[in-house]
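Chain by chain, the residues:
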Amino acid sequence: MNKKKLKILLSLFALNSITLYLYFSSHPDHFRHNFPKNHYITTGNRFSSSENHPNLHSSVVSQSKPWPILPSYLPWSQNPNVGWRSCEGYFGNGFTRKIDLLKTSPEIHRKFGENRDSGGGGGWFRCFFSETLQSSICEGGVIRMNPEKILMSKGGEKLEKVIGRGEEEELPIFENGAFEIEVNERTKIGKKLADENFLNKYLPEGAVSKHTMRELIDSIRLVGANDFHCSEWIEEPSLLITRFEYANLFHTVTDWYSAYAASRVTGLPSRPHLVFVDGHCETQLEETWRALFSSLTYAKNFSGPVCFRHAILSPLGYETALFKGLSESIDCIGAPAHDLWQNPNDRKTARLSEFGEMIRAAFGFPVDRQNIPRTVTGPNVLFVRREDYLAHPRHGGKVQSRLSNEQEVFDSIKSWSLNHTECKLNVINGLFAHMSMKEQVRAIQDASVIIGAHGAGLTHIVSAAPKAVILEIISSEYRRPHFALIAHWKGLEYHPIDLEGSYADPPVVIDKLSSILRSLGC
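Residues numbered from 1 in each chain as written. Predicted model: local features only at pLDDT ≥ 70, side-chain atom pairs only at ≥ 80, totals over all residues. Heavy atoms only, no water.

K.L.:
How should the overall build of the protein chain be read in this particular structure?
P.N.:
A count of helical and extended segments in the protein chain gives 17 helices and 22 strands. Of all 522 residues assigned to the protein chain, the portion counted as buried reaches 58%. At a minimum sequence separation of 6, the contacts of the protein chain that also span at least 24 residues come to 77%. Only carbon and sulfur atoms are counted for the fraction: they give 51% of the accessible area of the protein chain, which is about 22500 Å². (Helix = DSSP H or I, 4+ residues; strand = E, 2+ residues; numbered from the N terminus. Buried < 20%, exposed > 50% of the residue type's maximum accessible area, 1.4 Å probe, protein only. Contact = heavy atoms within 4.5 Å. Areas by Shrake-Rupley, 256 points an atom, 1.4 Å probe, with all protein chains shown as cover.)

K.L.:
Can you help me understand the state of the cysteines in this one?
P.N.:
By definition, a disulfide links the sulfur atoms of two cysteine residues through a covalent bond. A full pass over the atoms with the stated rule returns four disulfides. Here Cys127 connects covalently by a disulfide to Cys138, the sulfurs 2.0 Å from one another. Across the S-S bond linking Cys127 and Cys138, the dihedral sits near 105°, which makes this disulfide right-handed. With Cys127 in strand E3 (residues 124–130) and Cys138 in strand E4 (residues 135–141), this pair connects stretches of sequence that are eleven residues apart. (Disulfide = S-S within 2.5 Å.)

K.L.:
Whenever I open this one, a negative patch on the surface confuses me. Can you help?
P.N.:
On the surface, Glu167, Glu168, Glu169 and Glu245 cluster together to form a negatively charged patch. Here Glu168 shows up in helix H6 (residues 167–170). (Patch = residues over 30% accessible without salt bridge, like charges linked within 9 Å, V, L, I, M, F, W, Y side chains within 5 Å. Salt bridge = Lys/Arg side-chain N within 4 Å of Asp/Glu carboxyl O. Lys, Arg positive; Asp, Glu negative; His and termini not counted. Charge placed at Lys NZ, Arg CZ, Asp CG, Glu CD.)

K.L.:
Any chance you could explain the side chain of His280 here in plain terms?
P.N.:
For His280, the position within the fold is in the loop between strand E12 (273–276) and helix H10 (286–292). One polar contact links His280 to Glu170, side chain to side chain, over a distance of 2.8 Å. If we skip the residues at most four places from it in the chain, His280 touches Gly155, Gly156, Glu157, Arg165, Glu170, Leu171, Arg243, Phe244, Tyr246 and Tyr298. (Polar contact = N/O pair within 3.5 Å; in protein donor to acceptor, adjacent residues only side chain to side chain.)

This is the structure:
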């Protein structure tokens with residue numbers, strides 16, 4: 001091992017050690033409580049095995065997945081000097097304002113902690129607010145979820161079994177006391193955790209018609225120890241997430257990013273477990289949810305009140321920079337992490353590259369390759385296709401055409417590649433609707449050039465290699481900046497072909513592709 005690699009490994013080890021220290025020191029309540037008497041100690045086994053053994057409880061110390069080593073990782077430390085509307089404010093830890101709604105009293109813990117069968121010194125709750133995103137990441141401890149007070153469908157069903165089910169049935173309605181936190185101060189018992197002033201200030205609704213995280217916090221009531229009973233405890237950190245456009249890749253990537261950022265901002269020492277607080281059916285995208293995090297289950301899959309030693313509330317995907325960039329100008333450009341480590345720059349970011357590496361690492365793919373990935377025979381040209389498929393219960397199974405002659409364009413590129421004399425090309429037919437998520441990510445990371453009509457499948461470019469080139473074919477009806485922005489924020493080379501309608505002239509596409517390949521030395 002050369003000195004440079006050794007230095008990188010030592011630096012990453014030091015960062016991980018610092019993260020662990022900061023987590024343990026900033027979450028003392030989570031670790032100082034004794035395990036509750038007469039309660040189950042439930043870990044990741046309960047989540048991952050719920051389909052085959054729904055009542056399985058385990059005393060295993062930890063089933064959380066470790067964080068992988070990511071070349072683009074930079075610390076997510078709390079820095080009060082992060083600038084408003086800076087790149088770190090948008091994509092990293094701009095959640096710099098901490099608000100404690102509920103603190104555990106050390107005196108109460110010392111008095112009652114030894115003999116209590118609940119949480120020890122009571123619960124705690126706090127939020128971290130971002131002025132840039134106008135959003136909060138919140139977390140708390142000794143929290144009870146009462147599934148019977150969350151009105152929604154069960155969730156996680158096979159799509160074919162719930163055809164026609166309305167979206168309103170799948171989104172949660174929280175009754176008072178859907179969530180509760182144990183307190184020991186009599187003056188607080190029976191009160192709400194947060195008032196309307198707090199909600200308006202730190203969880204503004206904005207343009208979202210149903211802000212589920214705000215509604216969840218609004219439902220939280222404070223209860224005394226005598227009324228705090230749990231059918232099971234979850235001892236490891238758990239992310240509570242509500243999804244909206246859960247079957248669309250672009251919107252799901254915003255949810256993935258929000259969940260990843262929430263995990264990093266709160267300094268979790270390993271990847272958290274997931275609880276979907278929604279009633280959506282199962283989709284292909286859950287394969288990536290399971291790969292990214294330690295496990296997942298649905299709120300309605302619990303048979304009774306469940307208590308969390310440490311719960312984190314992930315902001316809505318609509319509140320991420322990935323979504324906000326569609327309506328406001330975010331002046332950021334992707335740059336290598338090692339450059340930003342040496343020369344910090346408010347107008348540059350490596351966060352999307354870090355996130356893309358996280359997705360690749362979650363599937364077990366290598367993330368330390370700096371050059372354009374090539375096969376033995378030559379570079380891969382990936383054509384991302386749009387296909388008909390059944391996406392959700394209210395979907396007819398037909399996708400909107402963004403490129404009326406997509407098959408003709410693909411066939412023309414394929415034929416042209418066979419006679420390309422400069423180098424051997426591998427033209428990949430990206431039929432993503434019929435590929436597993438792991439196969440899709442592999443195809444993206446192995447591509448030198450990624451071509452496609454405007455469509456959610458192109459969101460996968462968050463996982464593209466550092467020197468991949470993006471060629472987007474854009475019909476006149478879909479001139480939207482989604483993928484130009486992602487490419488810019490990742491520092492990828494991007495080329496658009498703007499159409500007058502939805503028909504693309506194959507020679508024009510081939511000419512543009514040929515120019516890109518020449519720039520790559522092919």
